[in-house]
Amino acid sequence: MSAFALSTHSTYDMLRHLADSWGLLAMAVVFLVLCLWPFRPGARDQNTQAATSIFKDENDGER
């Protein structure tokens, strides 16, 4: 057996450590970005349009 060969147990431990540290950090960053996305500059018009779209009649111009 080679001195550089990793057993499946050590590979699992390495991937588990990576997921516990950097994976958690990546998920937290994505969560924060998605929570703050509606508050970005220039999004007010899109947010207002999305919020009021359910009140618009689809036949407004046909009467």
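The structure under discussion appears in the preceding block.
In this text, all values refer to a predicted model and were calculated from it rather than measured experimentally.

About the cut-offs
Residues numbered from 1 in each chain as written. Predicted model: local features only at pLDDT ≥ 70, side-chain atom pairs only at ≥ 80, totals over all residues. Heavy atoms only, no water. Helix = DSSP H or I, 4+ residues; strand = E, 2+ residues; numbered from the N terminus. Areas by Shrake-Rupley, 256 points an atom, 1.4 Å probe, with all protein chains shown as cover. Patch = residues over 30% accessible without salt bridge, like charges linked within 9 Å, V, L, I, M, F, W, Y side chains within 5 Å. Salt bridge = Lys/Arg side-chain N within 4 Å of Asp/Glu carboxyl O. Buried < 20%, exposed > 50% of the residue type's maximum accessible area, 1.4 Å probe, protein only.

Visitor: Give me the overall build of the chain: which residues, what numbers.
Guide: Check the secondary structure of the chain and you find two helices and zero strands. Of the accessible surface of the chain, which amounts to about 6300 Å², a share of 67% is contributed by carbon and sulfur atoms.

Visitor: Before we move on, could you go through a nonpolar patch on the surface and cite the residues and values that matter?
Guide: On the surface, M14, L15, L18, W22, L25, V29, V33 and W37 cluster together into a nonpolar patch covering about 840 Å² of accessible area. If you trace the backbone, L25 turns up in helix α1 (residues 8–36). The class of L25 is partly exposed, set by a relative accessible area of 44%.

Functional significance is not addressed by these values, which are geometric in nature.
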